[in-house]
Structure formats: structure tokens, C-alpha cells
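Residue-level structural notes
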Amino acid sequence: MSEENPTADRVPEGDAGLFDAVVNLAKRRGFIFPSAEIYGGIRSTYDYGPLGALMLRNVRDAWWRTMVRHRDDVVPIEAAIITNPKVWEASGHLETFVDPLVDCRSCHERWRADQIEGTCPNCGSADLTEARPFNLMFKTFVGPLDDESAVAYLRPETAQGMFVNFLNVMTTMRRKPPFGIAQLGKGFRNEITPGNFVFRTREFEMMELEFFVPPADADRWFAYWCEERLAWFVGLGIPEHRLRFRQHAQEDLSHYSKATTDIEYLFPWGWGELEGIANRTDFDLKAHSALSGVRLEYFDQVTGERYTPHVIEPSAGATRAMMAFLLAAYDEDEIGGERRTVLRLHPRLAPFQAAVLPLSRKEPLAALAHQVLHRCQDALMCDYDDTQSIGRRYRRQDEIGTPFCVTIDFDSLTDEAVTIRERDSTGQTRVPIAHVVTELQDRIGS
Ligand code: GAP
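Now for a look at the structure at hand. (Residues numbered from 1 in each chain as written. Predicted model: local features only at pLDDT ≥ 70, side-chain atom pairs only at ≥ 80, totals over all residues. Heavy atoms only, no water.)

**Re the layout of surface pockets**
Quick note on the threshold: Buried and open spaces are told apart on a 1 Å grid over the protein atoms alone, a cavity being a set of points where a 1.4 Å probe fits but cannot get out and a pocket being an open set with protein on both sides within 12 Å along at least five of seven lines. Residues with an atom within 4 Å of a point are the lining residues. Grid points are joined across faces, edges and corners, and a volume is the space filled by probe spheres set on the points. Comment: elements are numbered from the N terminus, with helices defined as DSSP H or I runs of at least four residues and strands as E runs of at least two. Domain start and stop positions are those given by an automatic or database domain assignment.
Of the voids in this model, the largest pocket is the one considered here, and its volume is about 1,600 Å³. Lining of the largest pocket is provided by 50 residues; of these, R112, R189, R200, H248 and E273 occupy positions nearest its centre. Of all the secondary-structure elements, those providing two or more residues to the lining of the largest pocket are α4 (93–96), β4 (98–103), β10 (203–213), β12 (259–267), β13 (270–281), β16 (310–317) and α9 (318–329). Among the elements that line the lining of the largest pocket, the one with the most residues is β13, at eight residues. Two domains each donate at least three residues to the lining of the largest pocket, and these are domain 1 (16–96 + 139–326) and domain 2 (98–135).

**Observations regarding the packing of helix α2 (residues 50–69) against α9**
Two packed helices can be described by the angle between their axes and the distance between those axes. Worth spelling out the cut-off: Axis angles are defined between N-to-C directions and span 0 to 180 degrees, where every axis is a line fitted to C-alpha atoms and, for a helix, only to the segment in contact. To sort the angles, those under 35 degrees are grouped as roughly parallel, those over 145 as roughly antiparallel, those from 65 to 115 as roughly perpendicular, and the leftovers as oblique. Working rule for contacts: check all heavy atoms of both residues, and any pair within 4.5 Å makes them a contact.
Contact geometry of α2 with α9 gives a least axis separation of 10 Å together with a crossing angle of 105°. One element, α2, and the other, α9, form an angle in the roughly perpendicular class. Taken together, the residues of α9 that come into contact with α2 (itself represented by G52, M55, L56 and V59) are A318, T319, A321, M322, F325 and L326.

**Observations concerning helix α13 (residues 436–444)**
Which entries qualify depends on this criterion: Buried residues are those whose accessible area, probed at 1.4 Å on protein chains only, stays under 20% of the maximum for their type, while exposed residues exceed 50% and partly exposed ones sit between those limits. Think of it as the arc spanned by the lines of direction from the helix axis to the C-beta atoms.
Where α13 is concerned, the buried positions are V436, V437, L440 and I444. All buried residues of α13 lie within an arc of 95° about the axis, which places them on one face of the element. Those residues of α13 that are buried lie in contact with β19 (354–358), α10 (365–377), β21 (404–408), β22 (417–422) and β23 (428–432). One or two positions beyond α13, positive phi appears at G445, with a value near 75°.

**What to know about the side chain of D385**
You can see D385 is positioned in the loop between β20 (382–384) and α11 (390–399). Those residues within four positions of D385 in sequence are excluded, and the remaining contacts are V356, L357, P358, R393, R396 and Q397.

**Remarks on the sheet that holds β22**
Note the threshold: Strands are labelled as partners when DSSP assigns at least two bridges between them.
Pairing is mixed across the open sheet formed by five strands, whose spatial order is β20-β19-β21-β22-β23. Looking at the sheet topology across the chains shown, the edges are occupied by β20 and β23. For this sheet, the mean angle separating the axes of adjacent strands, direction not counted, is 25°. Relative to β21, β19 runs parallel, the two being bridged by five bridges. Bridging across to β21, A355 finds its partner in C405. This element, α10, spans β19, β20, β21 and β22 of the sheet and lies at about 165° to β20. Contacting β19, β20, β21, β22 and β23, α11 runs over the sheet at an angle of about 170° to β19.

Put into C-alpha cells, the structure is as follows:
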């Protein structure tokens, strides 16, 4: 977890095949599909299937729970994806949100110059063009005219929505630094080399907090958010030894940052960023004040104190986090001499928290099973499966990470109880139907 970790850049044994196994499972079980597959897809673009949509929603909810619901110093917003292009002029994205692009003259592939070593990774040719800056923002036109006056951009980060709404939020919510504005939503970047499944895509989901603090307190809050965010990933089941902090070198900092620390995960191909925590200082508020002419400052009417807050920003990718959660959860073991694949997902992240499984699909068991299902559905996302043997049904649920199976058998008709079977231990407990929901909620910790 620390930067001095001697295994830092070594991929642990056992990871060979993990990436393919997870990509395979994601497709086979309806988590993630290549986008518009019937047309041959579109490079590095994905659609989230039923289980992926559920899980991605759970990743968002887990973030929301920690960053918004459980805090009294953070408020949320939802800003527009396409906004006034002046926002990107002030933020510096128009000028500096660029990657160095090179073309291979032999096979015409395009690469980021800083990610290759002088030769084309596709054909090996060293005949590359000079690097030229390539802006990652997606350009579009607003309204019927497609001339320069109508140019707008898809947001490359949600953060600017918080800066341009800073005054609106602070005054309407009667806030005073330290306080934060949180936002979840899509970000778009015309990445030159997307890849590694959903690790780097052109359309992705971000989870960002802009935390406004008195300038003198910025370093303390920066350290605080680094620890908080690491704890979030650990609390949701990522093993600590697969996480580390990485401090950016001065020359690698984004144009707005005074200090950035990434939380990295040990992916099957090596360490990769999950989240960046940046000290953005007063860069953005000052830049928007200068271009808009509106003073984006905190002013205390009683003391007369006036200052531009500094901003600490924990910024994570929801889709990238989902991939890390899937990789960390994937396991294969043996139960009663039979191999099984099991996703050891945190119960709050699993697509279904429970599966209701009647031993027979006939009445009267089916009616009772549906009663149990309806009880559980009020509180939990549930699957219902009454096909094939109970052993096969357990395996199917294990493979998609369902933490609890609720089995309704013939005794249930008389003792009004069901069996809760736990995914990881496969242990079983008999529980009265009247207590099933609270029992499951207790175990999930919701
Ligand atoms: N507002 C700060 C900011 O945008 P960033 O490090 O560029 O910072 C934040 O992005 C997070 O968004 C990253 O840590 C990563 O998890 C996610 N992210 C960035 N680019 C991505 C991409 N092309 N595909 C998927 N996730 C991405």
C-alpha cells in the first residue's frame, strides 16, 4: 500500500488469466457487453447489461452513501453535460487538456507519444510523425448551425459544474467553508488509446467531490481525503495490499493542481489509477472569477472576512472502480469436490443482494416463494430462480456474487421458515419468514 512497497510494480502470481476470466464472465452473465455488438461494436465502448447496470448503480450508491448521505458538510448537484464553452476556456481545458499524438507512417495507427518507446506497438516501425498536441474534449455544435459560433464541448470532468455553481450553492444552502459539493455523472474524453476493457473508455462515469476550505487548512484536508478515500475502497472489499498511494511528481501535475495523490489498484497488468485526490488551490474559482467578472469568494458579513476558498478534490471513476471490484472479487474454489466460480463482492455492490429459490416451481410452494420475494423486494434487489437443481442455482448465484440465497422448501409450508445460504461459507441457517428481511439487512449492513 505504500510507495516503498517492494512488490510495487510486480504483478502477483495467479493473475495470469484473471483479466480474461473477468471479461468473459462479464459478457457471459450480462454485466458488460461490447456496445452495439450486432454492428460489430465500436472500439473500446461498452454497454452495461442487466447485472452491470445493477452493479454500477450500487457502486454509485456506495459512493453517494459515504460522500453525501453520511455527511453534513457535503451537498450534491447535477450539472449539465454540455454547458457554456467559456467554462472550458476559463478552466484551461481548451488550451491544456491535451495529449501528445503521434501517427505511425507504416500502419497508420495513432498513439500517445508518452506511452510508447519510439516504435509503433502495432507494427514495430520507428517511422513515426512528430508528436503534436491533441485536445481530448469532444466537440459538438449546439443548435442548427455547425459553425464556430455554435461550438460546445461534452464535459471532460464534472468538477467545473461545481465551480460555476459555487456561489449559487453556497448561498442557497447557507454554507461556509469547509463544505463540499458532490456530483456523479458521465465524463467524456476523446482518448487516443482507450483500452483494458472499461479501464479507459471515451465515455465513462465519474464520482467527484469539490471540497472548499479556508486556504490555511488545505494541506490538512488533503491528507484527510486521501485516507478517507482509501478507506472507502478497503471497506468495500478491495484488499489493502492491492492498493497504494502514488504521489505525482511536480512535472506530471495537471495544470490546475498543486499536489495530487492517486489511489492505485494492482490490476492484472500492473498498478493503475482508481482515483486522484488533488489540491486544486483557488485555481478554478479565480479563473472563473476573472473570465465571468463574478467574484467567486466567501464573504463573512459579520466579521468582514473575505477569501477565495481552496479546493481539495477526490475524483474517482465509477466504471473503473466497478472493474476493480470485479477483479478483486473473482475467485474459484471447490465445494464438495466440485469447482465453482464465485464473485466475493461486498453485499452492497452485488447486483442482487438475495435470490429467492423455491425447491419446486409448483403450487403451493410457488405462491409462498413469491410472498417471500415480495417481502424482500421492498428492501433489497432480488433475483428469483426456480429452474434446475438447487445446487446449480446456487452456483449460478455464486458466479454473479449474490451474497444470500433464500431457499423455500416443503417444510416452509408448515414451519413458516426458510433457509438462508451464505455465498462465501456456503453455511445455512433456518430463519422464520417474518424475520428474513431484517436478518438479511443485518448481514448486509444497510
Ligand atoms: N476532475 C479531476 C479529474 O478529472 P482525472 O484523474 O483525470 O481527474 C478522475 O479523472 C478519475 O476518472 C480517474 O481516477 C479515473 O478513475 C477516471 N477516469 C479518467 N479517465 C477515464 C477514462 N478514460 N475511462 C475511465 N475512467 C476514467
